[in-house]
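Below, each chain spelled out in residue letters.
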Amino acid sequence: MKKTIIISMLAGLTLMAASCGKTSDSSDNKNAPASVASPVAMNAEDAADNGASSENDELKTIAAELTDAYGIIKKDIMGGELQTDDSSVLEFKAPAPDNGDITLTKVCDDRFKDTDALRDFYFSTVFTGNEEYLFGGDFDKETYPEGSVLPFELSMLRYMMYDGQLYVNKGNLASTDFYTWIDDINIKDQSDTAFTAERKYTTNCGKVKAMEFDISCDNGSWIITGYRSINI
């Protein structure tokens, strides 16, 4: 099921790139002839309303696909819900002054085979310049045999490749109360190349909360450029 979701989501994000910018041309709707099935010709006000409604629906579709992807990032990638093989782990030591243990757990989630797949999905959804320790670290047992002390940069990574396999340092992941989205989306502050979307979600305790997303057209693709929790 999860595999189906991410494939459809990535396809949706590709489709959105083609319509980035002004989402619809309402002038075409204003000049369109009345429907054959309608006995009364559509007036200019009705056409304008339909054009605005169509544009709003397109923005809701874009917002739904991006926030669905953000939910995967929040819950699965950042929150540690990717499928893992907890019997397949590697043990290392953290550098001074921590000097603690580091456990890397093998990821066996069909949606993400390596850090490149994680990185592509993340940065096609959210624009941020503050995730230097999220994905990276392509190393092996020749350089760092199991039990050795990892340098600071590797010890801070969340996901890394080791001997060609994807591993996660669960100790570096962040907890989240996010559980699932509620379908209704509110669009506001829209322009030709940006808008704000509000969407509610349920927590793992059954409470309802909401987030607000700034969504912009960046280099031909729609992307989340900012997000925040809001009171409801």
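Residues numbered from 1 in each chain as written. Predicted model: local features only at pLDDT ≥ 70, side-chain atom pairs only at ≥ 80, totals over all residues. Heavy atoms only, no water.

**A word on the pairing of strand 7 (residues 194–203)**
Here's step 1: The element strand 7 is extensively covered by neighbouring structure, given that eight of its ten residues are classed as buried.
Here's step 2: Relative to strand 7, strand 6 (residues 178–188) is paired through seven bridges, and the arrangement is antiparallel. Along strand 7, the bridge assignment pairs Ile 187 with Ala 197.
Here's step 3: With nine bridges joining them, strand 7 and strand 8 (residues 208–218) adopt antiparallel strand pairing. Bridge pairing in strand 8 places Ala 197 opposite Phe 213.
Here's step 4: The antiparallel hairpin formed by strand 7 and strand 8 contains four residues in its connecting segment, where Gly 206 sits at a positive phi of about 90 degrees. (Buried < 20%, exposed > 50% of the residue type's maximum accessible area, 1.4 Å probe, protein only. Helix = DSSP H or I, 4+ residues; strand = E, 2+ residues; numbered from the N terminus. Pairing = 2+ DSSP bridges.)

**Observations regarding the sheet that holds strand 5 (residues 165–168)**
Here's step 1: An order of 1-2-5-4-3 is seen for the five strands of this open sheet, with the pairing classed as mixed. On the outer flanks of this sheet lie strand 1 (84–93) and strand 3 (135–139), each paired with one strand and no other. Shown here is a sheet whose adjacent strand axes are inclined to one another by a mean of 35 degrees, direction ignored.
Here's step 2: Both strand 3 and strand 4 (residues 159–162) contribute to a ladder of three bridges, which runs parallel. Bridge pairing in strand 4 places Asp 138 opposite Met 161.
Here's step 3: The strands that helix 4 (residues 115–123) touches are strand 3, strand 4 and strand 5; relative to strand 3, the one it contacts most, it runs at about 165 degrees. (Axes fitted to C-alpha atoms, helices over the stretch in contact; angles between N-to-C directions. Contact = heavy atoms within 4.5 Å.)

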